[in-house]
Amino acid sequence: MADHKTCPPLAADSIRAAYPLISPYIHQTPVLRSKTLDRIASTAQEESAIKGTAFEGQKPATPVFRLYFKCENFQRIGAFKARGAFHAVLRLCSELGIDQVRKRGVTTHSSGNHAQALALAAFTLNIPAHIVMPSISTKSKIAGTRAYNARVLFSGSTEPERVAMVEGVIKETGTAGLELEKQVEDLLKASGDETTLRGDSTLNAVITPLGGGGLLAGTATYFSSKPSTYVFGAEPSFEGGDDGRRGLACGSRISTVSTLTIADGLRTPVGQVSWTVISDQKKVRGVFAVTEEQTKEAMTLILERLKVFIEPSAAVPFAVILFDEEFRQIVEKEGGEKGWDVGVILSGGNTTVEAICRLYGEK
């Protein structure tokens, strides 16, 4: 892929500049609201839910949430990764010329969503694509990658994408945050409720899933120019899948992760370039982690109440909102009676009915 040394700096301005480049090739995904989910999220947890935690014996928090779900599951290939893939390929064509890129082809290492995204971008621009995927990748994601005529090669590992690709993904995935902010502002204006419009941003916070880190780092980079909006990350805790949270606690990036969490899109460790953003407390305020059962409960609510089909990885941020008492106490304390407007990025929807049935134990 493109030499990361020639790429623009990781800054909010570079994200704004990237957006018109990829706009002809991606969907502007919708932002959905649900008063029912607002009410559920704003209801205190049962005391039994925090038994055995650091918050046992305390009164459960009663934060006030207004949630805005950014539906990247409706993006091309069913995930936000299409943004970064198109940006990386288009920049490569700009640097080398499209004929030279077609001669060389493009390649990446990915467990699923990015593989499909790069395959789509290459197919759209008539460029050969060679994708290395772990043999344990989800069958539907393998099939989705092959559907765009990509050459799929299998490996036995789930190493993160190359540093150069990650840097491109960081710059580009921030455009989801850019769209989200503008769409929330438009929703408030259309409803006549502009009481929450304030300062440099319409949102108090944005929370995204955290796997390799491109989405969180891109979102944090965009909102770094808007200090009134906090950015948070969400991870699965299963089998050490919360490497981002643990890395922040010990002060250094954790380079290897071995987890079979149901949130399969979040099984990779945080990448080196992503870590430089995520470990900056001025950009990412915190990272929280949830259990498998909490992720399943959050996914159930989104499926049944929001009527949106997502993969488990996309449900992790909402699970943090519902169940992480530390996060909820932050919102209760700082939001007060007025509460917080929180953007929740639903990162993708690449799963199958069969997989969902297995997830919930149905035969």
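The structure reproduced in this document is the subject of the present report.

Thresholds applied
- Residues numbered from 1 in each chain as written.
- Predicted model: local features only at pLDDT ≥ 70, side-chain atom pairs only at ≥ 80, totals over all residues.
- Heavy atoms only, no water.
- Salt bridge = Lys/Arg side-chain N within 4 Å of Asp/Glu carboxyl O.
- Helix = DSSP H or I, 4+ residues; strand = E, 2+ residues; numbered from the N terminus.
- Buried < 20%, exposed > 50% of the residue type's maximum accessible area, 1.4 Å probe, protein only.
- Core = buried A, V, L, I, M, F, W, Y, C linked by side-chain atoms within 4.5 Å.
- Contact = heavy atoms within 4.5 Å.
- Phe/Tyr/Trp six-rings, centres within 6.5 Å; stacked < 30°, edge-to-face > 60°.
- Lys NZ or Arg CZ within 6 Å of the ring centre and 35° of its normal.

Let's shift gears to the pattern of salt bridges. A full pass over the atoms with the stated rule returns 16 salt bridges. Among the ionic pairs, Asp 264 bridges to Lys 141, the shortest N-O distance being 2.9 Å. Placement of Asp 264 in the loop between helix H9 (243-250) and helix H10 (272-278) and of Lys 141 in helix H6 (residues 139-146) is noted, with a sequence separation of 123 residues between them. Neither Asp 264 nor Lys 141 differs from the other in exposure class; each is buried. The partner of Lys 182 in a salt bridge is Asp 186, with the nearest N and O atoms 3.0 Å apart. On the criterion of helical spacing, the pair formed by Lys 182 and Asp 186 is a turn pair, its members being 4 residues apart in helix H7 (residues 163-191). Taking the relative accessible area as the measure of exposure, Lys 182 reaches 46% and is therefore partly exposed. Accessibility expressed as a relative area gives 36% for Asp 186, which makes it partly exposed.

The next subject is the nonpolar core. With 55 residues, the main nonpolar core has Val 106, Ile 127, Leu 180 and Ile 278 as its most contacted residues. Of all the secondary structure elements, the ones that give two or more residues to this core are helix H1 (12-22), helix H3 (81-96), helix H5 (113-124), strand E4 (129-134), H7, helix H8 (214-223) and H10. Not counting residues up to four positions away in its chain, the partners in contact with Ile 127 are Val 89, Cys 93, Val 101, Arg 102, Gly 105, Val 106 and Ala 122. Core analysis: the second largest hydrophobic core is formed by 39 residues, Ala 41, Leu 266, Phe 288 and Phe 318 among them.

Next up on the list: the packing of aromatic side chains. This structure, assessed with the given rule, holds 10 aromatic pairs. Geometrically, the ring pair formed by Tyr 25 and Phe 86 is stacked, given 5.1 Å between the ring centres and 20 degrees between the ring planes. Placement of Tyr 25 in the loop between H1 and strand E1 (31-32) and of Phe 86 in helix H3 is noted, with a sequence separation of 61 residues between them. Its relative accessible area of 24% is what places Tyr 25 among the partly exposed residues. Aromatic pair Phe 232 and Trp 340: ring centres 6.4 Å apart, planes at 35 degrees, arrangement tilted. Taken together, the residues span a long stretch of sequence, with Phe 232 in strand E7 (residues 230-236) and Trp 340 in strand E9 (residues 340-346) at a distance of 108 residues. Trp 340 matches Phe 232 in its accessibility class, with the two residues each being buried. Ring-pair connections join several aromatic residues into one group, and the members of that group are Phe 65, Tyr 230, Phe 232, Phe 288, Phe 327 and Trp 340. Over the face of the ring belonging to Tyr 68 we find Arg 33, whose NZ or CZ atom lies 4.7 Å from the ring centre. Between Arg 285 and the ring centre of Tyr 230, over which it is positioned, the NZ or CZ distance is 4.5 Å.

Backbone geometry places Ile 77, a non-glycine residue, at a positive phi of 65 degrees. Looking at where Ile 77 falls in the secondary structure, it is placed in the loop between strand E2 (65-71) and H3. The phi angle at Glu 239 is positive, at roughly 50 degrees, despite the residue not being glycine. Here Glu 239 lies in the loop between E7 and H9.

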